Amino acid sequence: MKTDLKTNFKAIIARAYVRIIAANREPSWWFSETLLPILSTAAYVYVYKALKAPPEYTGFVILGGTMSAYWIQVLWSMAAQFYWEKEMGNLDLYMIAPISRMSILLGMALGGIIQTTSRAAFIFLTGSLIFNVSFAVVSFPKLIAVFFLTLISLYGLGMLFSSLFMLYGREAWHGVTLLQEPVHLISGFFFPVRNLGFVVGVVASFIPLTLGLDAMRQLAFKAGAASGFINVNLELSVLAVLCVIFLVTSKYALELMEKLGKKEGRLTLRWQ
Amino acid sequence: MNYAVETFDLNRSFKLKKAKNKKENNNTPGKLIALDNASIKIHQGELFGLLGPNGAGKTTLIKILSTLLLPSSGTALVDGVDVVKQPDQVRKRINMVSGGEHCGYGILNVRETLWMFSQFYGIPTQVAQARIDVLLKILKMEEFAKTKIGKLSTGLRQKLNFMRGFVCGPKIMFLDEPTLGLDVQIARDVRAYIRTWMKENPERTVLLTTHYMAEADELCDRVAIIDKGKVMVCDTPGNLKKTLAGEAVFRIEVPLAANGMETFGQISGVKQFAYEHKSHLGRTELKFILHDESAISNVTEFLSNNSSKIVSLSKMEPSLEDVFVALVGRGLKDENGSQN
Ligand SMILES: Nc1ncnc2c1ncn2[C@@H]1O[C@H](COP(=O)(O)OP(=O)(O)O)[C@@H](O)[C@H]1O
Ligand SMILES: [Mg+2]
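Rules of the game
- Residues numbered from 1 in each chain as written.
- Chains lettered and ligands numbered in written order.
- Predicted model: local features only at pLDDT ≥ 70, side-chain atom pairs only at ≥ 80, totals over all residues.
- Heavy atoms only, no water.
- Helix = DSSP H or I, 4+ residues; strand = E, 2+ residues; numbered from the N terminus.
- Rg over C-alpha atoms; globule rule 2.2 N^0.38 Å.
- Buried < 20%, exposed > 50% of the residue type's maximum accessible area, 1.4 Å probe, protein only.
- Contact = heavy atoms within 4.5 Å.
- Lys, Arg positive; Asp, Glu negative; His and termini not counted.
- Charge placed at Lys NZ, Arg CZ, Asp CG, Glu CD.
- Phe/Tyr/Trp six-rings, centres within 6.5 Å; stacked < 30°, edge-to-face > 60°.
- Pairing = 2+ DSSP bridges.
- Axes fitted to C-alpha atoms, helices over the stretch in contact; angles between N-to-C directions.
- Patch = residues over 30% accessible without salt bridge, like charges linked within 9 Å, V, L, I, M, F, W, Y side chains within 5 Å.
- Areas by Shrake-Rupley, 256 points an atom, 1.4 Å probe, with all protein chains shown as cover.
- Salt bridge = Lys/Arg side-chain N within 4 Å of Asp/Glu carboxyl O.

J.: Which residues make up the overall build of chain B, and what values do they have?
T.: On a plain count of helices and strands, chain B comes out with 10 helices and 15 strands. By the compact-globule yardstick of 20 Å for 340 residues, chain B fits well, its C-alpha radius of gyration being 22 Å. For the C-alpha atoms alone, the extent of chain B along its principal axes is close to 70 × 45 × 45 Å. Looking at chain B residue by residue over its 340 residues, the buried ones come to 54%. Summarising the internal contacts of chain B: among those between residues at least 6 apart in sequence, 71% fall at separations of at least 24. Positive and negative side-chain charges of chain B, numbering 45 and 38 respectively, have mean locations separated by a distance of 6 Å.

J.: Give me the packing of aromatic side chains: which residues, what numbers.
T.: The tally for this structure, following the rule as stated, stands at 23 aromatic pairs over all chains. Summarising the aromatic geometry, the rings of phenylalanine 147 of chain A and phenylalanine 148 of chain A are spaced 5.4 Å apart at their centres and angled 75° between planes, so their arrangement reads as edge-to-face. Under the relative-accessibility criterion, phenylalanine 147 of chain A is labelled partly exposed at 23%. Phenylalanine 148 of chain A gets classed as partly exposed once you look at its relative accessible area, which sits at 47%. Between phenylalanine 162 of chain B and phenylalanine 166 of chain B the ring centres are 5.4 Å apart and the planes differ by 40°, which places this aromatic pair in the tilted class.

J.: Which residues make up the sheet that holds strand E12 (residues 248-255) of chain B, and what are the values?
T.: All names here are of chain B. Reading across from one edge, E13-E14-E12-E15 is the order of the 4 strands in this open sheet, with antiparallel pairing throughout. On the outer flanks of this sheet lie strand E13 (270-278) and strand E15 (312-316), each paired with one strand and no other. Averaged over neighbouring strand pairs, the angle between their axes works out to 20° when direction is ignored. As paired strands, E13 and strand E14 (residues 283-290) are joined by 8 bridges and run antiparallel to one another. Across the sheet, glutamate 276 pairs through a bridge with glutamate 285, a residue of E14.

J.: Can you break down the sheet that holds strand E4 (residues 47-51) of chain B residue by residue, with the values?
T.: Sheet strands pair via backbone hydrogen bonds, and the direction of the pair is either parallel or antiparallel. Residue and element names in this part refer to chain B. The strand order E7-E8-E9-E4-E10-E11 describes an open sheet built from 6 strands, whose pairing is mixed. A single partner strand is all that each edge strand has here, and the edge strands are strand E7 (94-98) and strand E11 (230-235). Each strand of the sheet is rotated relative to its neighbour by a mean of 15°, with strand direction disregarded. The pairing of E4 with strand E9 (residues 205-210) spans 5 bridges and is parallel. The residue of E9 that forms the bridge with leucine 47 is valine 206.

J.: How would you sum up a nonpolar patch on the surface? Please name residues and give values.
T.: All names here are of chain A. The grouping of Phe9, Ile13, Ile20, Leu110 and Ile114 at the surface amounts to a nonpolar patch, some 420 Å² of accessible area in total. For the nonpolar patch, the elements supplying multiple residues, two or more each, are helix H1 (2-25) and helix H6 (101-130). Looking at the nonpolar patch, the element that brings in the most residues is H1, giving 3 residues. Looking at where isoleucine 13 falls in the secondary structure, it is placed in helix H1. Classification of isoleucine 13 by relative accessible area gives partly exposed; the value is 37%.

Given below as structure tokens:
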């Protein structure tokens, strides 16, 4: 049992290692994953300025741009990942290894968080400097808690998608594509979600970014509190619950899909 | 005697989405029987070969034994452990390498890739690195240790796959067509390594599938011949060939013949035959077994009646391929053989 735990821990680290290494080995990725988001974030800033939106919107946009880096990564490198791994033939090798499949997903998530954080930080810092954003943090501990709970539940959601998409091919692909833009809109990446009304806000809250961003706005900006969707403490609790729900359901979804795959012969590609 | 692998009446069928035209697999419509009451026993320490044409069910068996696929019915034990009931225990004992697989991530180099996979088996990094050094040396890959795996040629990649399996320290190794598409020298390196690995520890076992009969003949202690999901025979290559002792096995080459080969079996005295078109040489090669050597005159007569020249004619020592032909009534590469 103890050795099993150790093996799973090693597996998590090893799988995370790939992403951490990859982050520094392909300079071109840096370009597409930092400069392009900065440009699109800047575009929002200028649109808001042209529309004479309240000045605090600039800060909101920078924050949204920063968190959007994680969202893109969760979609393309978590949710669709087991589908890729199956195409490449790695899934077989994970499945025959004496480890929990959750370790692979956790390793992917851990590596993904580390990999994306350097990009997110870059977007955040340059954005804040260029547009001279002023912060007024209400509570650092709460801000940090929100940030981590948001990330954990976000990657938990990615793990859940990954399990569900394991047996599917193109459908998974379309699913991911479909999610990208609408979520950008309803999660309030670039404006307070309150503007969309209560019902949309509640629906959007299933995506951890919605409440996470809303809480962060409330905690980091002077004008944030006034534009908040619901109370920060409530948002913190909901995020904590989402973390548990996503992690637990992804474990069960993964087991279910594996069983189904082994039964129907769809776990691996037939031609190998 | 300990068995490394035991299967009892193992069956596996697949639902077919569209009724495919696979009449040679004698399936009920909509269902494809990939394994048909397959029972084999592999001793610990054995290098066991599973031979059969494409679509015979070899990979299906390996997938069941390596816990990637459930049998439709029957039991399979690996090192005494039931693959359905205790897959986790089975996984600790095994590894699998398939020909032409593409493991790992192109961004990692060879050493990193091997290290990563070793971690899934809980191997301490130092031990893993030492094993990697040995493997790189034996498989003549030292100079590629730092090459990104995305840049490796097909042959080197397959060597990497190999090392990937062995670095994890399995007790029982499943090799699914390990030399598929490899050039002669690399295939030789790979085979030599399999032998060395077996010799190092008498508890180690290899189950190897192949459709290269010569490879099985050269490498394996015992082989099972499998066709359409059924295990036809199981014995040492020597014993299997002995079953043909006294039979007259011949090989004839004729100019490339597009058709008319089916009637060859009707020549009196011909017991079994198989043919292969070697279009690059402009020839068709016929192998056949005669009830009696004297029937060879019937064959030459048949060919001259068909105004076909004989390019060469030779009598052969029976090979495993001939055993297959004698059992199944067609060659491994016949066009009428089932295709995958
Ligand atoms: N997942 C699957 N779904 C449907 N049919 C399959 C699947 N896997 C294998 N088959 C079929 O089962 C038969 C045996 O395949 P396989 O075990 O791969 O043969 P071999 O490895 O001997 O070439 C083939 O006819 C193949 O098409
Ligand atoms: Mg196969």
